[in-house]
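Residues per chain are reported as follows:
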Amino acid sequence: MMSKLRFLHIDGANFEVDIPHLPSNLRWFSWRQSCLEIVPANFYHKKLVHMDLSYSKIRQAWTNKPQNENHRFQKLKVLCLRECVFLYESPEFSWFPYLETLDLRGCSRMVSLHKSIGDLKSLVALSLDRTNIDELPNSTCKLSSLKVITQCFSLKSLPESIGDLKSLVTLRLDGTKIEGLPNSICRLSSLKDLSLDLCSSLKSLPESIGDLKSLIMLSLHRTKIEELPNNICKMSSLKDLSLDFCSSLKSLPESIGDLKSLVTLHLDRTKIEILPNSICRLSSLKDLSLDFCSSLKSLPESIGDLKSLVTLRLDRTKIEVLPNSICRLSSLKDLNLGYCSSLKSLPGSIGDLKSLVTLRLGGTKIKGLPNSICRLSSLKVLNLGYCSSLKSLPESIGELKSLVMLRLDGTKIEGLPNNICSLSYLEVLSLMDCSSLKSLPESIGDIKSLVKLSLRGTKIKVLPNSTCRLSSLKTLNLRRMESLNKLPKAIGDLNSLVEIYLDQTNIKELPIGVGCLEKLEVLSVENCHNLVMLPIFGGRMRCLRYINLIGTSILPSSDDFPMLPKLVELSIGNKLESSLPPWLSGLRQLKKLLLRGYTRLGSLPDLSSLTNLMELRLFNCENLEDIGGLKGTKSLKQLTVRDCYTITDARWKILGQVIFSVLCVCSTLITSNWFLKLMIDWSYTFLSSYFCREHF
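Residues numbered from 1 in each chain as written. Predicted model: local features only at pLDDT ≥ 70, side-chain atom pairs only at ≥ 80, totals over all residues. Heavy atoms only, no water.

1. What about the overall build of the chain?
Phase 1: Across its full length, the chain carries 3 helices and 29 strands.
Phase 2: Since a compact globule built from 696 residues should have a radius of gyration of about 26 Å, the 33 Å found for the chain marks it as more spread out than a globular shape.
Phase 3: Principal axes of the C-alpha set define a box for the chain whose edges measure 90 × 75 × 50 Å.
Phase 4: Going through the 696 residues of the chain one by one, you find that 52% of them count as buried.
Phase 5: Look at the contacts in the chain between residues 6 or more apart in sequence, and 36% of them connect residues 24 or more apart.
Phase 6: Entry remark: accessible area of the chain is about 30400 Å², with carbon and sulfur atoms responsible for 48%. (Helix = DSSP H or I, 4+ residues; strand = E, 2+ residues; numbered from the N terminus. Rg over C-alpha atoms; globule rule 2.2 N^0.38 Å. Buried < 20%, exposed > 50% of the residue type's maximum accessible area, 1.4 Å probe, protein only. Contact = heavy atoms within 4.5 Å. Areas by Shrake-Rupley, 256 points an atom, 1.4 Å probe, with all protein chains shown as cover.)

2. Re the environment of Met432
Phase 1: With respect to the secondary-structure elements, Met432 resides in the loop between strand 19 (428-430) and strand 20 (452-454).
Phase 2: Taking the C-alpha atoms as reference, Met432 lies 20 Å from Pro488; in sequence the two are 56 residues apart.

3. Re the packing of aromatic side chains
Phase 1: With the rule as written, the count across this model stands at 6 aromatic pairs.
Phase 2: Connected via pairs of aromatic rings, a cluster forms that spans Phe43, Trp62, Phe73 and Phe96.
Phase 3: Arg316 extends its terminal NZ or CZ atom over the ring of Tyr339, reaching a point 4.4 Å from the ring centre.
Phase 4: When the ring centre of Phe619 is taken as origin, the NZ or CZ atom of Arg642, which lies over that ring, is 4.4 Å away. (Phe/Tyr/Trp six-rings, centres within 6.5 Å; stacked < 30°, edge-to-face > 60°. Lys NZ or Arg CZ within 6 Å of the ring centre and 35° of its normal.)

4. Quick look at the nonpolar core
Phase 1: If you look at the biggest cluster of nonpolar residues, it comprises 197 residues, and the most contacted ones within it are Trp62, Leu194 and Leu288.
Phase 2: At the level of elements, strand 2 (28-32), strand 25 (569-572), strand 26 (592-596), strand 27 (615-619) and strand 28 (638-642) are the ones that each hand at least two residues to this core. (Core = buried A, V, L, I, M, F, W, Y, C linked by side-chain atoms within 4.5 Å.)

5. Observations concerning the confidence of the model for the chain
Phase 1: Mean pLDDT for the chain: 89, with 91% of residues reaching 70 or above.
Phase 2: Below pLDDT 50 for its whole length, residues 649-696 participates in 71 contacts with residues either more than four positions away or in separate chains. (pLDDT = per-residue confidence, 0-100.)

6. Considering the environment of Arg130
Phase 1: Here Arg130 lies in the loop between strand 6 (125-127) and strand 7 (148-150).
Phase 2: Linking Arg130 and Cys152, residues 22 residues apart in sequence, is a C-alpha distance of 5.3 Å.
Phase 3: If sequence neighbours within four positions are ignored, Arg130 has contacts with Arg82, Glu83, Arg105, Gly106, Cys107, Ser108, Gln151, Cys152 and Phe153.
Phase 4: Within the structure, the side chain of Arg130 is placed 2.5 Å from the side chain of Glu83, a separation counted as a polar contact. (Polar contact = N/O pair within 3.5 Å; in protein donor to acceptor, adjacent residues only side chain to side chain.)

7. A short note on the state of the cysteines
A covalent bond between the sulfur atoms of two cysteines is referred to as a disulfide.
Phase 1: Summed over the entire model, instances satisfying the criterion amount to 0 disulfides.
Phase 2: Unpaired in terms of disulfides, Cys340 finds its nearest cysteine sulfur in Cys387, a separation of 10 Å. (Disulfide = S-S within 2.5 Å.)

8. Side note on the side chain of Ser454
Phase 1: You can see Ser454 is positioned in strand 20.
Phase 2: Among all residues touching Ser454, those that are not within four sequence positions of it are Leu429, Ser430, Leu431, Met432 and Asn477.

9. Remarks on a positive patch on the surface
Phase 1: A cluster of basic side chains, namely Lys4, Arg6, Arg27, Lys47 and Lys75, defines a positive patch on the protein surface.
Phase 2: On the secondary structure map, Arg6 appears in the segment before strand 1 (7-11). (Patch = residues over 30% accessible without salt bridge, like charges linked within 9 Å, V, L, I, M, F, W, Y side chains within 5 Å. Salt bridge = Lys/Arg side-chain N within 4 Å of Asp/Glu carboxyl O. Lys, Arg positive; Asp, Glu negative; His and termini not counted. Charge placed at Lys NZ, Arg CZ, Asp CG, Glu CD.)

10. Re the pattern of salt bridges
Charged atoms that come close allow side chains of opposite charge to pair.
Phase 1: All told, the structure shown has 20 salt bridges when counted by the stated rule.
Phase 2: For Arg32, the salt bridge identified is with Asp52, shortest N-O distance 2.9 Å. Of this pair, Arg32 sits in strand 2 while Asp52 sits in strand 3 (residues 50-52), and the two are 20 residues apart along the sequence.
Phase 3: Several salt bridges share partner residues, and in doing so they unite Asp433, Arg456 and Arg480 into one network.

11. Remarks on unusual backbone geometry
Phase 1: Notably, Gln33 is not glycine yet its phi reads approximately 55 degrees, a positive angle.
Phase 2: Looking at the secondary structure, you find Gln33 in the loop between strand 2 and strand 3.
Phase 3: A residue is classified by how much of its surface remains accessible, and Gln33, at 48% relative accessible area, is partly exposed.
Phase 4: Positive phi, close to 55 degrees, is recorded for Arg480, a residue that is not glycine.
Phase 5: Structurally, Arg480 can be placed in the loop between strand 21 (475-477) and strand 22 (499-501).

12. So, the pairing of strand 26
Phase 1: Note that strand 25 and strand 26 share 4 bridges and pair parallel. From the neighbouring strand, Leu570 faces strand 26, where its bridge partner is Leu593.
Phase 2: Pairing between strand 26 and strand 27: 5 bridges, direction parallel. Each bridged residue has a counterpart across the sheet, and for Leu595 the counterpart in strand 27 is Leu618. (Pairing = 2+ DSSP bridges.)

13. Quick word on the side chain of His45
Phase 1: Mapped onto the elements of the fold, His45 is located in the loop between strand 2 and strand 3.
Phase 2: Classification of His45 by relative accessible area gives buried; the value is 6%.
Phase 3: A distance of 2.8 Å separates the side chain of His45 from the backbone oxygen of Pro23, its partner in a polar contact.
Phase 4: Side-chain polar atoms of His45 contact the backbone nitrogen of Leu48, separated by 3.1 Å.
Phase 5: Beyond its immediate stretch of four places on either side in the chain, His45 contacts Leu22, Pro23, Ser24, Leu26, Arg72, Phe73 and Gln74.

See the structure below:
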């Protein structure tokens, strides 16, 4: 039967398969999540090449040696037993003489490998991740073709003969309990990738590690390494050295400069206090990262000799001054100095970094930028956010012709230079929380490329009329601008505007032109207490997807919302109202609804007409008792209730479908293929107490 079948894939089916009598010409057999607990002792297949029994209930498989050499898997190349969590014993590998890939990942009950593993002369890849194997049998070192070994977290040591694996290319021991590497590791002549990440007991490397002439990547992330051996300099092929989060590492050997092939050096969060002068000899180095090296106060003057360096990260170090030689880094594209709280100035020659694309200085103590900054002809990103001592920009800022993003959030900037309009490629201008900024230059409207303008929390009273000429503007953030009480009349000319945020402003009315913003998708006027009307309902704002009216007295009529066919998310709330607006039931396309601050609301109306409603959030509705209006909301998947203390009096017959769906979510998933997630974030959890009181 099915004698020509070559490929058989079964996934999760709960029926019996006569494994010993699979079609004789079968090449590929996959039966994931099988109910099979014991693999029949006589099961073998002469032509099968790939066999996958992952995620199965198998407890025992091929534990005895085959009695007849002809009754083995003569052609099997791949055996996958991944996540067979009940499999406590390794197979007897004599069954698979030509196996090339063995995947035992996630076999968490397996504590050892059968010694016959050494007979797999063709084995190329051995995956032991998340097993409980604490040592490898010595016979493992006879695997002459083995190229890849991946970790098992319980592994405590490697066999001394590990160096006999002459073909090994990748050795990943991440997260193991290894305390040291055997000296024989230096004989792994083909090894290219050695990863020991998260080996929290590893404190040192053998001096012979330098003999790994083929090694390209050495990763020691989060180990307890205290120092590197001097002969690491002999690793002539090493390109990637990762020592980040090695919290015991205080210095690098002077010989580090001999790693002529090194491209990436990561030293983040180490205790390094100073870099050796020899680092300037790393002629291939492109990426040097020292983020969060809290003991690092200076860079060697020779740093400028790193002619290949592209990225230099120094965020949150104690760097006080950059050496003048840094301006000789002719290939540097990314310079990060964020939150270097001791840095007060940049060298005057910073403008010589002709290749620089990104300069991040946020959170430093810089008081001003040198005039030479205008010569950074390739600069696209300039981040000065929360430089609390910065009060002004040089007039030459407008000469940064390539600048795309300028962030000045939280600075003491009092005004922008007029020639900022010359930034012809600027797309993002962020001035959030600039509490000293009271006005924008009239020329702001000449930045035709501007896509996002953020003025949140500034003291600006009036937006210049030229703002309405920003033809590419998509996002306008005016939140918490308490001095702002009106918008320019021509605001409707912002034809590209997609999002506008006016929350917590003192705007009393919006210009009629707002209703002409045909591409607008997001309109938020939360806590605009003086605003009583929105001129948005005229049939032109058909792209509007989200409206936030929380804390306003705006009361649209039931005739308005049908003109917003794409409205899918609505946030409303008014502490003076005791009922929800009647037009709410007409929003059949609505998917998300937030009701916040309805302190007088006692019950929810019937919401069954909201046939697409998937998420409902009820926040700060302190007198809400009855949520019976949810009874017919068949599409509801997520209900979030916060600070609604009196809801406990709701009737069980109304809440039954909601509560039971939450408490029995597993069975619900099986029978109806949908789920309801309930998040309760209030002080008095009503569900558990109510369920016990009413149901039991």
